[in-house]
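Listed below are the residues making up each chain.
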2 protein chains.
Amino acid sequence: MAVIRVTLPSVAGRSYDVVCGTGLVDGVGRHLRSAGARRGVVVCDAALEATHGRATVESLAAADVPCSMMLVPPGEASKSVAAAARLWDAFAHDGVDRTTHVVAVGGGVVGDLTGFVAATFMRGLPFWQVPTTLVAQVDSSVGGKTGVNLEAGKNLVGAFWQPLGVFADVDTLASLPRREFVSGLAEVVKYGMILDAGFFQWLEDRADDVLARDPAAVTHVVTRSVELKARVVEADERETSGARAALNYGHTFGHAYEAVAGYGRLLHGEAVSIGMARAARLAEALGRIPEDIVTRQDRLLRRLGLPTSPTVLQPTPGPAELLEVMTRDKKTVGGVPRFVLPDRIGSVALVDGVPSHLVLRILALAE
Amino acid sequence: MAVIRVTLPSVAGRSYDVVCGTGLVDGVGRHLRSAGARRGVVVCDAALEATHGRATVESLAAADVPCSMMLVPPGEASKSVAAAARLWDAFAHDGVDRTTHVVAVGGGVVGDLTGFVAATFMRGLPFWQVPTTLVAQVDSSVGGKTGVNLEAGKNLVGAFWQPLGVFADVDTLASLPRREFVSGLAEVVKYGMILDAGFFQWLEDRADDVLARDPAAVTHVVTRSVELKARVVEADERETSGARAALNYGHTFGHAYEAVAGYGRLLHGEAVSIGMARAARLAEALGRIPEDIVTRQDRLLRRLGLPTSPTVLQPTPGPAELLEVMTRDKKTVGGVPRFVLPDRIGSVALVDGVPSHLVLRILALAE
């Protein structure tokens, strides 16, 4: 078991722990109790009701924290204003008050939705996360970003709302569908590329153990990823200094593929994987890195079962359409996309002013 | 013109000004420009479109801050999740981004709704207030509380979101219906009672000028009220230390009368006025204050045109029903209402454990 403390300079005295390891769900109630919870509400992915939902409720009950459970239908459609409105009403009818602790059990959709509802019900309730997917454990549950989608775009409504604690129990990953587990590994490779060459190398060495979901290997994957993300979040909690931008490596290209393919056809991690492959090619074209770094990253991604080319999509989206989506991204500066590009393995920089014709050339690559 | 700086210790380096006086709307654009705004969106009470809405838009245009205007139907029904959802969608379709400054023009409903939408669109946009009612100028626009109602209760969904600046232009009060202006004076008397005996005395001396809406008198009313509220908010931004509870003087009784009468039959300030009269009676019954303080407060409230007895409601609500509403209030402790009660003019204390039979006796008073 590893404990990573996240310290937030902007909120006086506020820090919290992300606990990574096995057998953690049983201890959730004890932690809530230590934090003074007298009552809880567990918001759970409906597909996990009988497993992790039930286990969380029992853990709270055993620690003398009575609670109710509310279910959220699985899938991205639950990350909506309508789903938030249903939870707000359910909270009100259940008598949730400012002393009630909210626990999210599920993947990124449930965590982001529940965090937003916790941030806004009675102007903010204490909030805990039990992420049950790899991508939620290594990415969305750490950093305090919560929110829902609008029809006009993803994550357009939300709040920064930090949890009191996160329990990344790798046991919950054992039953994940392989494609979903693999998709989460894209963000893991990203942390190696942007911050930690040693971790990248470790992933190359232990790819087979990771894919076999060896508990010790998966615990290391989650722990190191959370440590790296926590350092970035601490440096730039509200995305103001620019440090947090590094986390978008692979995402400028990735979001475009995701949007053009139609949300749901590519998993987020698959799109990020293709996006990282393209970003590395762009860095090479700009003379920032030699070709062998592109190749090494491609090789690791493919060994982990991730796509590195948009040819998995048929028909393959056209460069002009992709570029248009990229220039509409909310992180553009004056309509020109910004790219996070590698300098070497373990280091990236924010690059403005990349000529459109070069971006189009990368988007048109056939492999 | 008076400028009151509100300093928020919890948010590093964040402070903002509340400007009180006449002729302020014309300067709004200049302030936004100084704060770096390159684009604005004005959210305005539809009833004020042609007056203060138009003036605000022109002020921004004159300062080279292009903006759109969005209208909110007047009335409490606009303080809803549905109205927030309409604004979120409108922001998205209008291309509002993180550099867009949001300006609320209207009373408490528009300010609370717009503040909540600004707090949550893209996880937070810069926000300004142009309050156009007395109650919004002296109360709701200062303090950072934003939010909307649910069917189950008022203000159940919201966020703490501080503005970059507030322009309390007393010129906008000249056209307020008399009943609405008078209702706002209840919160003004409250500030005197809870914090400032000298201000209470000033209100007694200048009641006629205030009622005649003499600009200098009204400017003093707004300025002193904002100063007093700002000190409380600075001491307890997120309602955690207890200092902010003093602002609820008159509100425990008041909310009950408001709810039992049916929202809309009593204006908020009218309910608070009756609530303060009852709270003073309760303080007297508990031996905390002599009767002459009760009388002096009643006399000032009535001179300002405010009710001090629920007999304005026919039928007068029954004590048992009122008590039940009070015990459901979100500020109860273990189901027992807490009362903010005066010790003298200018000072209040938070009182727990008041016996129910005593509360019922006060609720049953015939005058």
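Residues numbered from 1 in each chain as written. Chains lettered and ligands numbered in written order. Predicted model: local features only at pLDDT ≥ 70, side-chain atom pairs only at ≥ 80, totals over all residues. Heavy atoms only, no water.

(A) Seen up close, the overall build of chain A. In terms of helices and strands, chain A carries 13 helices and 11 strands. Expressed as a percentage of its 367 residues, the buried residues of chain A come to 60%. A fraction of 76% describes how many contacts in chain A between residues 6 or more apart in sequence connect residues 24 or more apart. Carbon and sulfur atoms make up 53% of the accessible area of chain A, which amounts to about 13,600 Å² in all. (Helix = DSSP H or I, 4+ residues; strand = E, 2+ residues; numbered from the N terminus. Buried < 20%, exposed > 50% of the residue type's maximum accessible area, 1.4 Å probe, protein only. Contact = heavy atoms within 4.5 Å. Areas by Shrake-Rupley, 256 points an atom, 1.4 Å probe, with all protein chains shown as cover.)

(B) Summary view of the interface of chain A and chain B. On the chain B side, the residues contacting the 28 residues of chain A number 28 residues. With both chains or domains summed, chain A and chain B bury close to 2,400 Å², and 62% of this area falls on carbon and sulfur atoms. At the junction of chain A with chain B, the criterion picks out zero salt bridges. Along the contact surface separating chain A from chain B lie six residue pairs in polar contact (both at pLDDT 80 or more). For the side of chain A that touches chain B, the per-class residue count stands at 15 nonpolar, six polar and seven charged. (Buried area = accessible area lost by both parts, 1.4 Å probe. Salt bridge = Lys/Arg side-chain N within 4 Å of Asp/Glu carboxyl O. Polar contact = N/O pair within 3.5 Å; in protein donor to acceptor, adjacent residues only side chain to side chain. Nonpolar A, V, L, I, M, F, W, Y, C, P; charged D, E, K, R; others polar.)

(C) Seen up close, the sheet that holds strand 2 (residues 15-21) of chain A. All names here are of chain A. Taking strand neighbours across the sheet as the criterion, the seven strands line up as 1-2-9-6-5-3-4 in an open arrangement whose pairing is mixed. Each edge of the open sheet is held by one strand with a lone partner, namely strand 1 (2-7) and strand 4 (67-72). Averaged over all pairs of adjacent strands, the angle between their axes in this sheet comes to 15°, without regard to strand direction. (Pairing = 2+ DSSP bridges. Axes fitted to C-alpha atoms, helices over the stretch in contact; angles between N-to-C directions.)

(D) Quick look at the packing of aromatic side chains. According to the stated counting rule, one finds 10 aromatic pairs over all chains in the structure shown. Their ring planes at 20° and their centres at 5.9 Å tell us that B:Trp128 and B:Phe167 sit as a pair that is stacked. Remark: B:Phe167 occurs in strand 9 (residues 165-169) and B:Trp128 occurs in strand 6 (residues 127-131); sequence separation between them is 39 residues. Pair check on accessibility: B:Trp128 and B:Phe167 agree, each one buried. Geometry around A:Tyr191 places A:Lys190 over its ring, the cationic atom sitting 5.1 Å from the centre. For the cation-ring pair, B:Arg123 lies above A:Phe160, with the distance from its terminal atom to the ring centre recorded as 5.9 Å. (Phe/Tyr/Trp six-rings, centres within 6.5 Å; stacked < 30°, edge-to-face > 60°. Lys NZ or Arg CZ within 6 Å of the ring centre and 35° of its normal.)

(E) Structural context of the pairing of strand 10 (residues 339-344) of chain A. Residue and element names in this part refer to chain A. Bridge analysis of strand 10 against strand 11 (residues 347-351) gives five bridges, and the strand direction is antiparallel. Among the inter-strand pairings, valine 340 is bridged to a residue of strand 11, identified as leucine 350. In this antiparallel pair of consecutive strands, strand 10 and strand 11, the connection spans two residues, and glycine 346 shows a positive phi of 100°.

(F) Spatial organisation of the sheet that holds strand 6 of chain B. Residues and elements named next belong to chain B. If you trace the seven strands from one edge of the open sheet to the other, you get 1-2-9-6-5-3-4, paired in mixed fashion. Since the sheet does not close on itself, it has two edges, and those belong to strand 1 (2-7) and strand 4 (67-72), each with one partner. With direction set aside, neighbouring strand axes in the sheet form an average angle of 15°. Pairing between strand 3 (residues 39-45) and strand 4: six bridges, direction parallel. Looking across to strand 4, one finds that cysteine 44 is bridged to leucine 71.

(G) Broad picture of the domain arrangement of chain A. Residue and element names in this part refer to chain A. By domain assignment, chain A separates into domain 1 (2-173) and domain 2 (178-363). Relative to domain 2, the C-alpha centre of domain 1 lies at a distance of 27 Å. At the interface, 29 residues of domain 1 touch 29 residues of domain 2. Its largest share of buried area at the contact with domain 2, domain 1 owes to Leu134, Val138 and Phe160, together 25% of the area lost on that side. Its salt-bridge partner being glutamate 258, residue lysine 154 comes within 3.7 Å of it at the nearest N-O pair. Of all elements in the fold, only strand 1, strand 2, helix 5 (134-140) and strand 8 (153-160) reach the threshold of two or more residues within the side of domain 1 that touches domain 2. (Domains from an automatic or database assignment.)

(H) The nonpolar core, seen in detail. Counting residues in hydrophobic clusters, the biggest one holds 79 residues, and the most contacted among them are A:Val18, A:Leu185, A:Val189, A:Val222, A:Tyr249 and A:Phe253. When residues of this core are assigned to domains, at least three fall in each of domain 1 (2-173) and domain 2 (178-363) of chain A. One finds B:Ala246, B:Ala280, B:Leu313 and B:Phe339 within the second-largest nonpolar core, a separate group that totals 78 residues. (Core = buried A, V, L, I, M, F, W, Y, C linked by side-chain atoms within 4.5 Å.)

(I) Examining helix 2 (residues 49-62) of chain B more closely. Residues and elements named next belong to chain B. Buried residues of helix 2: His52, Gly53, Thr56, Val57, Ser59 and Leu60, and no others. Turning to helix 2, the residues buried within the fold contact helix 1 (28-34), strand 3, strand 4 and strand 5 (100-106). Backbone geometry just after helix 2 places aspartate 64 at a positive phi near 65°.

(J) Summary view of the layout of surface pockets. Taken as a whole, the second largest pocket spans an internal volume of roughly 180 Å³. If you go around the second largest pocket, the residues you meet are A:Ala85, A:Trp88, A:Asp89, B:Glu76, B:Ala77, B:Lys79, B:Ser80, B:Val81, B:Ala82, B:Asn149, B:Leu150 and B:Glu151. Ranked by residue count, the leading element in the lining of the second largest pocket is helix 3 (residues 81-93) of chain A, at three residues. (1 Å grid on protein atoms, 1.4 Å probe; cavity = no way out; pocket = protein on both sides within 12 Å on 5 of 7 lines; lining within 4 Å. Points joined across faces, edges and corners; volume = space filled by probe spheres on them.)

(K) Region of interest: helix 3 (residues 81-93) of chain B. Residue and element names in this part refer to chain B. Helix length check: helix 3, at 13 residues, gives a terminal C-alpha distance of 18 Å against a target of 18 Å (1.5 Å per residue), a fit within 8%. Residues Val81, Ala83, Ala84, Ala85, Leu87, Trp88, Phe91 and Ala92 constitute the buried set of helix 3. Remark: glycine 95 follows helix 3 within two positions and exhibits a positive phi of approximately 75°. (Expected span 1.5 Å × (residues − 1).)

(L) Representation of unusual backbone geometry in the model. All names here are of chain A. For the bond from glutamine 314 to proline 315, the omega torsion is -5°, close enough to zero to count as cis. By the secondary structure assignment, proline 315 is in the loop between helix 11 (291-303) and helix 12 (319-328). A positive phi angle is found at asparagine 155, which is not glycine, with a value near 55°. Along the chain, asparagine 155 turns up in strand 8.

(M) Region of the structure containing the pattern of salt bridges. All names here are of chain A. For the structure shown, the criterion picks out 36 salt bridges over all chains. Residue lysine 229 is joined to aspartate 139 by a salt bridge in which the shortest nitrogen-to-oxygen separation is 2.7 Å. Of this pair, lysine 229 sits in helix 8 (residues 215-235) while aspartate 139 sits in helix 5, and the two are 90 residues apart along the sequence. Given a relative accessible area of 6%, lysine 229 falls into the buried group.

(N) Looking closely at the environment of B:Phe121. Looking at the element boundaries, B:Phe121 is found in the loop between helix 4 (108-120) and strand 6. Taking C-alpha positions, B:Phe121 is 9.3 Å from B:Leu87, a pair spaced 34 residues apart along the chain. If we skip the residues at most four places from it in the chain, B:Phe121 touches A:Leu150, A:Leu156, B:Trp88, B:Phe91, B:Ala92 and B:Val96.

(O) Highlighting the packing of helix 7 (residues 197-211) of chain A against helix 11 of chain A. All names here are of chain A. Where helix 7 contacts helix 11, the two axes come as close as 10 Å, and the packing angle between them is 15°. When the axes of helix 7 and helix 11 are compared, the pair comes out roughly parallel. Considering how the two elements wind past one another, helix 7 and helix 11 form a crossing that is left-handed. Between helix 7 and helix 11, the contacting residues are Phe200, Gln201, Leu203, Glu204, Ala207, Asp208 and Leu211 on the first element and Arg296, Gln297, Leu300 and Arg303 on the second. (Parallel < 35°, antiparallel > 145°, perpendicular 65-115°, else oblique. Left-handed = near helix turned anticlockwise from the far one by under 90°.)

(P) Structural detail: the side chain of B:Thr308. All names here are of chain B. Within the element layout of this structure, threonine 308 appears in the loop between helix 11 (291-303) and helix 12 (319-328). Threonine 308 sits in the buried class, given a relative accessible area of 11%. If near-sequence neighbours (up to four positions away) are discounted, threonine 308 is found in contact with Ile274, Ala277, Asp298, Leu301 and Arg302.

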